[in-house]
Amino acid sequence: TDVKAKQFALQNDRDAAIIASETDHLTGMYNRGAVMKRLAALIEHSKAFGGPFSIVLIDLDHFKLINDRFGHDNGDQVLTHFAGCALSVLRDRDILGRVGGEEFMFVMPGATGTKAHTVIERLQAYIKDQRLKVGEVTLRYTFSAGIAEWTPTRTLEKLYREADQALYLAKDQGRNLVRNAS
């Protein structure tokens, strides 16, 4: 039984290490490596069995100004607030990850680009109604999003690039917008 207890403890430690290596510790979402790994697996699954899915790249608008004006600790509050809002609005099967400082990627299995657009607009409306207390100030923030729908001819790199281009289009057109890749 002593050996079994040690094996159990070792397995728990291994499982905890895997979770820690895949988790963004600030937001509790997957980190970039973990979300990309799941995206690659979904692409392989979709090649074999079909079915739509979309990815969404999100960038919090003017986040550098939030950090500069209110400090990085309060900027972290905005990031965790956004993560909580996303988790409450998105679907249970969606895969959420923080892929950069204020950049997020959502992988939405079963969602066409149109469906993903609707869901992300619902998240935008939810965020718009939020008030976040940061120190003595009540803060509101917005985000821009780019969406790309997977097709069998798209590689992971091409899909990501198309979502990124749609994100930059949303930012160039005034921010607080959602744009789909053509």
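Residues numbered from 1 in each chain as written. Predicted model: local features only at pLDDT ≥ 70, side-chain atom pairs only at ≥ 80, totals over all residues. Heavy atoms only, no water.

Q: Go over the pattern of salt bridges, please, and point to the residues and values.
A: Here the structure, examined in full by the defined rule, presents eight salt bridges. Between Asp24 and Arg98 there is a salt bridge, and its shortest N-O distance comes to 3.1 Å. A residue pair is termed long-range when its members are at least 10 positions apart, and Asp24 in the loop between helix H1 (2-22) and helix H2 (32-49) and Arg98 in strand S2 (residues 95-98) qualify at 74 residues. Overall, Asp24 belongs to the buried group, its relative accessible area being 13%. The salt bridge involving Asp94 is made with Arg91; its shortest N-O contact spans 2.6 Å. Across the pair, Arg91 and Asp94 agree in class, each one buried. (Salt bridge = Lys/Arg side-chain N within 4 Å of Asp/Glu carboxyl O. Helix = DSSP H or I, 4+ residues; strand = E, 2+ residues; numbered from the N terminus. Buried < 20%, exposed > 50% of the residue type's maximum accessible area, 1.4 Å probe, protein only.)

Q: Please set out the packing of H2 against helix H6 (residues 156-172) residue by residue, giving values where relevant.
A: Taken N-terminus to C-terminus, the directions of H2 and H6 make an angle of 115°; their axes are 10 Å apart at the nearest point. For the element pair H2 and H6, the recorded crossing hand is right-handed. The residues of H6 that touch H2, namely those facing Arg32, Met36, Leu39, Ala40 and Ile43, are Leu156, Leu159 and Tyr160. When grouped by side-chain class, the residues that make up the contact of H2 with H6 number seven nonpolar, no polar and one charged. (Axes fitted to C-alpha atoms, helices over the stretch in contact; angles between N-to-C directions. Left-handed = near helix turned anticlockwise from the far one by under 90°. Contact = heavy atoms within 4.5 Å. Nonpolar A, V, L, I, M, F, W, Y, C, P; charged D, E, K, R; others polar.)

Q: Outline the sheet that holds strand S6 (residues 143-149), listing residues and values.
A: Hydrogen bonds between backbone groups are what pair the strands of a sheet, and the pairing can be parallel or antiparallel. What the five strands build is an open sheet, ordered S2-S3-S1-S6-S7; its pairing is mixed. On the outer flanks of this sheet lie S2 and strand S7 (178-180), each paired with one strand and no other. Taken pair by pair, the neighbouring strands of this sheet meet at an average axis angle of 15°, ignoring direction. (Pairing = 2+ DSSP bridges.)

Q: An account of the nonpolar core is requested, with residue identities and associated values reported.
A: Residues Ile58, Phe82, Phe106 and Leu123 are the most contacted members of the largest nonpolar core, which totals 33 residues. Residue assignment for this core shows that the elements contributing at least two residues are strand S1 (53-60), helix H3 (63-70), helix H4 (72-89), strand S3 (103-109), helix H5 (113-128), strand S4 (132-134) and S6. Sort the elements by how many residues they give to this core and H4 lands first, with seven residues. Once you skip the residues sitting within four places of it in the chain, Ile58 turns out to touch Phe82, Glu102, Glu103, Phe104, Phe106, Ile120, Leu123, Phe143, Ser144 and Ala145. Formed by 19 residues, the second largest nonpolar core is a distinct cluster that contains Met36, Leu39, Ala148 and Trp150. (Core = buried A, V, L, I, M, F, W, Y, C linked by side-chain atoms within 4.5 Å.)

Q: Tell me about H6, and please be specific about residues and values.
A: The end-to-end C-alpha separation of H6 is 24 Å, in line with the 24 Å expected for 17 residues at 1.5 Å each. The set of residues buried in H6 consists of Leu156, Leu159, Tyr160, Glu162, Ala163, Ala166, Leu167, Ala170 and Lys171. Close packing links the buried residues of H6 with H2, S1, S3, S6 and S7. Directly after H6, the chain includes Gly174, whose backbone phi takes a positive value near 125°. (Expected span 1.5 Å × (residues − 1).)

Q: Could you give an account of the side chain of Glu22, with specific residues and numbers?
A: With respect to the helices, strands and loops of the structure, Glu22 is situated in helix H1. Glu22 gets classed as buried once you look at its relative accessible area, which sits at 12%. In this structure the side chain of Glu22 is engaged in a polar contact, spanning 3.1 Å, whose partner is the side chain of Lys37. At 3.0 Å, the side chain of Glu22 forms a polar contact with the side chain of Arg38. Excluding anything up to four places from it in sequence, Glu22 contacts Met29, Tyr30, Asn31, Ala34, Lys37 and Arg38. (Polar contact = N/O pair within 3.5 Å; in protein donor to acceptor, adjacent residues only side chain to side chain.)

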